[in-house]
2 protein chains.
Amino acid sequence: MKAQLLLAAALLAAPALAADPPTKPAPSPGEIVAAAPANEWIAIAADDLLVMDLTPGAWERPRRVIIQLIPAPFSGPWVANIRTLAKAHWWDGLAIVRAQDNYVVQWGDPDGEDVARARALPVGLPVTTKDCYTLSQIPSQCNSSGLDELEAWSASAEDNDDANTWHSRDAYASWTYHLRGWPMAMQQDGDTYEWWTWPVHCYGTVGVGRDLSPDAGTGAELYAVIGHAPRHLDRNIAVVGRVIEGIEHLSTLPRGTEALGFYKTPEERTPIVSVRLGTEVAGLPAYQYLSTDSEAFARYADARANRRDPFFIVPAGGADVCNIPVPVRRVPAPGQ
Amino acid sequence: MKAQLLLAAALLAAPALAADPPTKPAPSPGEIVAAAPANEWIAIAADDLLVMDLTPGAWERPRRVIIQLIPAPFSGPWVANIRTLAKAHWWDGLAIVRAQDNYVVQWGDPDGEDVARARALPVGLPVTTKDCYTLSQIPSQCNSSGLDELEAWSASAEDNDDANTWHSRDAYASWTYHLRGWPMAMQQDGDTYEWWTWPVHCYGTVGVGRDLSPDAGTGAELYAVIGHAPRHLDRNIAVVGRVIEGIEHLSTLPRGTEALGFYKTPEERTPIVSVRLGTEVAGLPAYQYLSTDSEAFARYADARANRRDPFFIVPAGGADVCNIPVPVRRVPAPGQ
């Protein structure tokens, strides 16, 4: 049947062939992003960047990791803590203490005193992580600014059939989507009918290390995902950002040989030279992300799900939310 | 409503509390695997192992990578090629030529002559990858041995409601499941109603590098996944195995700085000392995988999808097929 349909299509198309221009290969996702117009890119504020410098790596190459912090209302009390800690130069001289393959790299105080010391700083009170993701009942300890705007955005996005970035074939939630540059999930509580929405754990996601609940962590100990998306951490741990440049300096670190990938000896740890807010770093380039509400992003997401560039034989017909990484670039020079 | 139901449950449970033993925390996935009985573990034949030794790494640690080759009918013509190449010591003295972050590490001939040289060896004829995954019409160039047995297994598994390892909430296929220790996907062709099933790309999956189709690669150039599951490669590239030990020796390699993560200079490449079939390696431990038809695997998969161990607050309610890695162990000493 398939062969017959293809034959019929070929016959119908034949008379037009002579007049048609030669067929161009379908653009790859990268080509779609490269062609996106300047007004579909959104600036990331320097105050939303965390810049971590490690000691030099192989071949004496510098190792700088750039993290974008998540905005309200998902920032909870943690991102304010992290800004306070960065301004206090809290992480300087500390180290990467854990590298677990296909999971996370974690940094903070190697002597385990970080939570106690951090709590002596004027940081906000932690709350149970999941409570910060209940749309209409975010507790006062979370940061609920921007919530009204989010609800309006959400309602308009659901009405927009062209958005092409809402997906229901997800193992962890009713829906996945992109919100202002962040991969998100959404689900309705079966008992209360309350809607929950939360930032998901993808490759490069940065979260807050914590002890057993109700400890939700202060932000003094952070981790970055260096493997397959550990989506089971969603709602269980606070997502506070994502690595937008230099993730390879974390993903290539030697793995720790103790339980959970902790290093056995202090010599194995990679020292942190400094962690600074972007506003404190001289000469830092500006960064932009491709608006996830843009037409270019919708085409990019569709091309990720249905690869038509020449290497591919069978388009997948879908892509999970972590396989549609949001494009980020350094701001091009004027005129580009 | 939720609070009232919880209260009611607590009242009903109260009279029995005094007689109940103290509640144990729910077992973690790892604890379930550790408690699996010996007869639920299946031996991996030494002939199905590929042992790759790299030059020593950081701190002069040895770097050995153990790959399990996929069985028929999914082995296509490629696994026979790979055995031929390993017996000819084909890869000895070649190198890791590519390391692309959150994607793949690739090895073969750094001078790009590998395909031509490999074809001078008595290896089978490549076929278009996707054709080897059509259940009832596998071409003769693919390896269709074991297909009848597979169909019988598949029919019985679909009837088994307890298996708990078939999932439909997947972005890339109608179903995912586990077949004899391998993560798989299944889909019906919309035109022919033919069922397709194929091994999926997860972290650690090994596949066959190739040029543009119809070149399907010989197996002389291989890659391993070191990032989030690139499921868009499914059916487009032949999956021939997975790393069961030592993936960290690949995932920590410095990333190449050229396009697609290729290394710029020969000095950056990591030399391959040797690649051997397990049958050629003296003193190699024996390996087993947890039967994916076993009761322990079903409980493990459920625990991965619904983490109830004390660290977790909200069970996810699902897990994607690549987030349920099949447990593999070295064979314990007799008596264990």
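From a predicted model like this one, the values you see are computed outputs, not experimental measurements. (Residues numbered from 1 in each chain as written. Chains lettered and ligands numbered in written order. Predicted model: local features only at pLDDT ≥ 70, side-chain atom pairs only at ≥ 80, totals over all residues. Heavy atoms only, no water.)

### Side note on the overall build of chain A
Within chain A, the regular secondary structure consists of 7 helices and 14 strands. Here chain A has roughly 14800 Å² of accessible surface; of this, 55% comes from carbon and sulfur atoms. (Helix = DSSP H or I, 4+ residues; strand = E, 2+ residues; numbered from the N terminus. Areas by Shrake-Rupley, 256 points an atom, 1.4 Å probe, with all protein chains shown as cover.)

### Examining the interface of chain B and chain A
At the junction of the two partners, chain B supplies 57 residues and chain A supplies 57 residues. The contact between chain B and chain A buries some 5000 Å² in all, and 58% of this surface belongs to carbon and sulfur atoms. Taken as a group, His-228, Phe-311 and Ile-313 of chain B account for 14% of the area that chain B buries against chain A, more than any other trio of residues on that side. The tally of links between chain B and chain A comes to 2 salt bridges. One salt bridge connects Arg-61 of chain B with Glu-268 of chain A, and the closest N-O pair in it is separated by 2.7 Å. (Contact = heavy atoms within 4.5 Å. Buried area = accessible area lost by both parts, 1.4 Å probe. Salt bridge = Lys/Arg side-chain N within 4 Å of Asp/Glu carboxyl O.)

### Remarks on the sheet that holds strand β7 (residues 182-188) of chain A
Residue and element names in this part refer to chain A. With antiparallel pairing, the 3 strands of this open sheet are ordered in space as β6-β7-β8. One side of each edge strand has no neighbouring strand; the edge strands of this open sheet are β6 (175-179) and β8 (195-199). With direction set aside, neighbouring strand axes in the sheet form an average angle of 30 degrees. (Pairing = 2+ DSSP bridges. Axes fitted to C-alpha atoms, helices over the stretch in contact; angles between N-to-C directions.)

### Re the relation of the copies chain B and chain A
Note on the identical chains: chain B maps onto chain A by a rotation of 180 degrees and an axial translation of 0.0 Å, with an RMSD of 0.0 Å. Put plainly, the chains are arranged around a two-fold axis. A share of 100% of the interface residues of chain B reappears at the interface of chain A, consistent with the copies meeting face to face through the same patch. (Least-squares fit on C-alpha atoms with pLDDT ≥ 70 in both.)

### What to know about the pattern of salt bridges
In this structure the tally under the stated criterion is 24 salt bridges over all chains. Across the pair Asp-53 of chain A and Arg-64 of chain A runs a salt bridge whose closest N-O atoms are separated by 2.8 Å. Remark: Arg-64 of chain A occurs in strand β3 (residues 63-69) and Asp-53 of chain A occurs in strand β2 (residues 49-54); sequence separation between them is 11 residues. Under the relative-accessibility criterion, Arg-64 of chain A is labelled partly exposed at 33%. Between Arg-83 of chain B and Asp-48 of chain B there is a salt bridge, with its nearest N and O atoms 2.7 Å apart. (Buried < 20%, exposed > 50% of the residue type's maximum accessible area, 1.4 Å probe, protein only.)

### Quick notes on the sheet that holds strand β12 (residues 270-277) of chain A
Each strand in a sheet pairs with its neighbour through backbone hydrogen bonds, running either in the same direction (parallel) or in the opposite one (antiparallel). Residue and element names in this part refer to chain A. In spatial order, the strands read β2-β3-β11-β9-β10-β5-β4-β12; together these 8 strands close into a barrel with antiparallel pairing. Each strand axis lies, on average, 35 degrees off the axis of its neighbour in the sheet, ignoring direction. In terms of strand pairing, strand β5 (residues 104-108) meets strand β10 (residues 222-225) through 4 bridges, oriented antiparallel. Across the sheet, Gln-106 pairs through a bridge with Tyr-223, a residue of β10. Of the strands in this sheet, β2, β3, β9 (205-208), β10, β11 (239-245) and β12 are in contact with helix α3 (residues 78-87), which crosses β12 at around 110 degrees.

### A few points about unusual backbone geometry
In this structure, Pro-73 of chain A follows Ala-72 of chain A across a cis peptide bond, with omega equal to 5 degrees. Looking at the element boundaries, Pro-73 of chain A is found in the loop between β3 and α3. Even without glycine at this site, Arg-180 of chain B takes up a positive phi of about 45 degrees. With respect to the helices and strands, Arg-180 of chain B occurs in the loop between β6 (175-179) and β7 (182-188).

### Side note on empty space enclosed by the protein
It is a probe the size of a water molecule, rolled over the atoms, that shows where empty space is left. Tallied over the entire structure, the rule returns 4 cavities of 30 Å³ or more. For the largest cavity, the calculated volume is near 140 Å³. Lining the largest cavity are 18 residues, and of these Tyr-172 and Asp-320 of chain A together with Asp-170, Tyr-172 and Asp-320 of chain B lie nearest its centre. Grouping the amino acids of the lining of the largest cavity by side-chain chemistry returns 8 nonpolar, 2 polar and 8 charged. Approximately 80 Å³ is the volume found for the second largest cavity. Taken together, Ile-70, Pro-71, Ala-72, Pro-73, Phe-74, Leu-150, Leu-179, Arg-180, Trp-182 and Met-184 of chain B make up the full set of residues lining the second largest cavity. Looking at the lining of the second largest cavity, its residues break down into 9 nonpolar, no polar and 1 charged. (1 Å grid on protein atoms, 1.4 Å probe; cavity = no way out; pocket = protein on both sides within 12 Å on 5 of 7 lines; lining within 4 Å. Points joined across faces, edges and corners; volume = space filled by probe spheres on them. Nonpolar A, V, L, I, M, F, W, Y, C, P; charged D, E, K, R; others polar.)

### Topic: the state of the cysteines
Residues and elements named next belong to chain A. Within this structure, the stated rule accounts for 2 disulfides over all chains. Covalently, Cys-202 is tied to Cys-322 through a disulfide, its sulfur atoms 2.0 Å apart. The disulfide joining Cys-202 to Cys-322 has a torsion of about -75 degrees about its S-S bond and is therefore left-handed. Here Cys-202 is found in the loop between β8 and β9, whereas its partner Cys-322 is found in the loop between α7 (295-305) and β14 (328-330), with 120 residues between them in sequence. (Disulfide = S-S within 2.5 Å.)

### Comments concerning the pairing of strand β2 (residues 49-54) of chain B
All names here are of chain B. Summarising burial for β2: 6 of the 6 residues are buried, a large majority. Of the two faces of β2, the one carrying Leu-49, Val-51 and Asp-53 and the one carrying Leu-50, Met-52 and Leu-54 are both buried. In the sheet, β2 pairs with strand β3 (residues 63-69) via 6 bridges, with the strands oriented antiparallel. Bridge pairing in β3 links Asp-53 to Arg-64. With 5 bridges joining them, β2 and strand β12 (residues 270-277) adopt antiparallel strand pairing. Paired with Asp-53 across the strands is Ser-274, a residue of β12.

### A short note on the pairing of β7 of chain A
All names here are of chain A. Within β7, 5 of the 7 residues are buried, which leaves the element mostly enclosed by the surrounding structure. Taken together, the 5 bridges between β6 and β7 define a ladder with antiparallel strand orientation. Looking across to β7, one finds that Thr-176 is bridged to Ala-185. Connecting β6 to the antiparallel partner β7 that follows it, the hairpin turn spans 2 residues, and Arg-180 within it adopts a positive phi of roughly 45 degrees.

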